[in-house]
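Take a look at the letters that make up each chain.
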Amino acid sequence: TYLASTKAGGATPLAYLLGTLAMLAVGGTVALFARSLSSAGSMYAYITNGANRWLGFLGGWCYAAAFLVLGGAVLCGFGFFTASLVGLLTGADPAWYWFSLAGLVIIALMSMFDIKASTRTQLAILVVTMSALLVVAVVVIAIGSPSVSVIDGTTPVASAGRSVDLSAFWPSAAGVSWTGVLFGLAFGMLSFTGAEASAVLSEETRDPRRAIPRAVIGSIVVAGLFYLVITYATAIGFGVQQAATDWPASLAGLAAVAPNEGFAAVVLACAALASLFCALGVHIAVSRVLFAMGRERVLPSWLGVLHPKWGTPWPAIGLDLLVWVLLAGGSVLFTSRETQIAIAGGLDNGLTGGVYVFTFLAGIGTPLVMGVYLMLGIAGVTHGGRIGDSRFRVVGGLAAVVGALALFGSLYYSFVEAAPGAGIPLVVAVVPWVCLVIAAVGLGVAAWTRRFRQPIWDDMGRIFDEV
């Protein structure tokens with residue numbers, strides 16, 4: 001929600017409302033495919049079978065790349081949320097990266113063993129954190145907007161004491177633009193990413209053609225309601241109009257508007273736990289996609305190897321964790337401290353590097369994911385036309401439209417200044433070109449595979465028809 005708020009401000013609840021509707025279109029397309037295809041490759045398998053091998057390979061490549069990047073981002077989120085909690089409780093200024101490294105070890109251990117244990121642990125933590133955050137949100141809404149800014153303590157807030165403020169659902173009333181809301185929409189949809197990723201567990205789930213669609217749609221509905229309450233409470237806590245300035249200045253928005261330090265500590269603890277298990281979920285998803293593509297040998301075959309005892313794709317698991325370390329370490333080492341502080345919203349303490357890496361990597365991963373949603377929608381429309389199923393055509397068409405809108409929103413501020421004369425930071429301006437290079441490399445690998453490994457190319461997606 002923090003990243004969405006940097007441009008959507010007090011209209012972030014609107015961005016998440018639209019994001020929920022958009023993800024229902026994406027999730028509906030996934031659910032339709034999941035009823036006929038059970039595959040650890042999920043998006044890769046669906047796009048390959050629904051459209052063609054070229055688009056399928058590119059979709060799988062970009063999806064894996066996005067999750068490799070986003071997993072590293074969320075792991076850094078665990079680091080700086082935990083460091084923030086320790087700082088709040090002790091007054092110290094701990095470095096974020098020690099906590100991220102500890103999280104990496106936990107994720108490595110949990111992902112290597114039976115998937116049932118890790119998913120049940122995720123579910124238990126989810127229930128606890130969501131319940132606690134909802135309690136804080138209800139308290140904040142009941143109190144209403146403050147009389148002065150919670151950030152600077154002096155700026156008067158126009159809607160003081162107000163608990164109901166519908167300007168949170170109209171950009172001009174909230175003091176932001178529609179392009180800002182589209183930017184927020186992209187990160188709003190990103191917040192749901194993982195709902196469709198449950199399809200990667202198709203081969204490890206009983207009755208996947210029934211369970212996976214229910215999991216995808218059900219999680220989007222529940223998460224959508226949750227995000228709506230949390231973002232609305234945060235907008236009210238800052239004051240909807242004041243949120244355009246104050247929310248981007250606060251790393252954990254709901255913690256900043258909490259009525260006291262006890263509530264703030266609860267928010268930070270929940271955010272840290274949620275980040276850890278979100279990283280675990282992303283890790284599980286990308287390791288299965290890499291495994292599926294390795295099993296078909298469109299990627300190195302060693303990625304398609306399972307652990308002889310636990311049945312988990314341990315080479316893909318190891319590769320993913322290694323990439324996380326390299327991405328986070330490289331992002332910090334090759335970026336000046338001044339740039340890190342600027343991207344982190346002026347934050348200059350032990351959290352700076354973690355906030356910077358989170359923001360930078362999420363900025364790269366988001367357009368990649370939105371591009372895959374666009375490709376999934378195209379595959380749904382194509383598949384529906386081929387088999388004469390209007391459900392695929394309608395839902396897939398909607399998924400393609402919302403994917404395109406979110407892709408536009410996620411890249412808009414890489415080309416246009418957020419404010420006149422503000423300039424565009426280099427690390428923001430390069431995002432479209434980094435994504436373009438990733439896609440171009442994927443197409444190059446696809447062309448090489450088709451040219452020199454024709455039998456493997458011809459078999460893409462075929463294995464899933466036999467599951």
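One can find the structure itself at the top, above this paragraph.
Residues numbered from 1 in each chain as written. Predicted model: local features only at pLDDT ≥ 70, side-chain atom pairs only at ≥ 80, totals over all residues. Heavy atoms only, no water.

Draft legend 1. Quick look at the overall build of the protein. Broken down by element type, the protein carries 19 helices and 0 strands. Relative to the compact-globule value of 23 Å for 467 residues, the protein shows a C-alpha radius of gyration of 22 Å, a close match. Per-residue burial over the protein gives 55% buried out of 467 residues. Taking all contacts inside the protein whose residues are at least 6 apart in sequence as the whole, residues at least 24 apart take part in 75%. With the model as given, the accessible surface of the protein reaches about 18,400 Å², and the carbon-plus-sulfur share is 69%. Each charge class in the protein was averaged separately, 22 positive and 20 negative side chains, and the resulting centres sit 13 Å apart. (Helix = DSSP H or I, 4+ residues; strand = E, 2+ residues; numbered from the N terminus. Rg over C-alpha atoms; globule rule 2.2 N^0.38 Å. Buried < 20%, exposed > 50% of the residue type's maximum accessible area, 1.4 Å probe, protein only. Contact = heavy atoms within 4.5 Å. Areas by Shrake-Rupley, 256 points an atom, 1.4 Å probe, with all protein chains shown as cover. Lys, Arg positive; Asp, Glu negative; His and termini not counted. Charge placed at Lys NZ, Arg CZ, Asp CG, Glu CD.)

Draft legend 2. Structural context of the side chain of Ser-145. Note on placement: Ser-145 falls in the loop between helix H6 (115-143) and helix H7 (171-174). In this structure, Ser-145 is in contact with Val-157, Ser-159, Ala-160, Gly-161, Arg-162, Ile-236 and Gly-239, ignoring residues within four places of it in sequence.

Draft legend 3. Just helix H18 (residues 431-452), in detail. Compared with an ideal rise of 1.5 Å per residue, which puts 22 residues at 32 Å, H18 spans 32 Å between its outermost C-alpha atoms and is within 8% of the ideal. Among all positions in H18, only Val-431, Pro-432, Cys-435, Ile-438, Ala-439, Gly-442, Ala-446 and Thr-449 are buried. Angularly, the buried residues of H18 cover 130° about the axis, an arc narrow enough to put them on a single face. Exposed residues on H18 whose side chains face more than 90 degrees from its buried face are Trp-433, Leu-436, Arg-451 and Phe-452. Looking at the buried positions of H18, the neighbouring elements they touch are helix H4 (53-90), helix H15 (352-387), helix H16 (390-412), helix H17 (426-429) and helix H19 (454-458). (Expected span 1.5 Å × (residues − 1). Arc of directions from axis to C-beta.)

Draft legend 4. Expanded view of the layout of surface pockets. Volume-wise, the second largest pocket comes out at about 800 Å³. Lining the second largest pocket we find 31 residues, and of these Thr-6, Lys-7, Phe-183, Ala-418 and Val-428 sit closest to its centre. Elements supplying a minimum of two residues to the lining of the second largest pocket: helix H1 (2-8), helix H8 (178-192), helix H14 (337-343), H15 and H17. Looking at which element gives the most residues to the lining of the second largest pocket, the answer is H15, with 5 residues. Tallied by class, residues from the lining of the second largest pocket come to 20 nonpolar, 9 polar and 2 charged. (1 Å grid on protein atoms, 1.4 Å probe; cavity = no way out; pocket = protein on both sides within 12 Å on 5 of 7 lines; lining within 4 Å. Points joined across faces, edges and corners; volume = space filled by probe spheres on them. Nonpolar A, V, L, I, M, F, W, Y, C, P; charged D, E, K, R; others polar.)

Remember, this is a structural readout, not a statement about activity or role.
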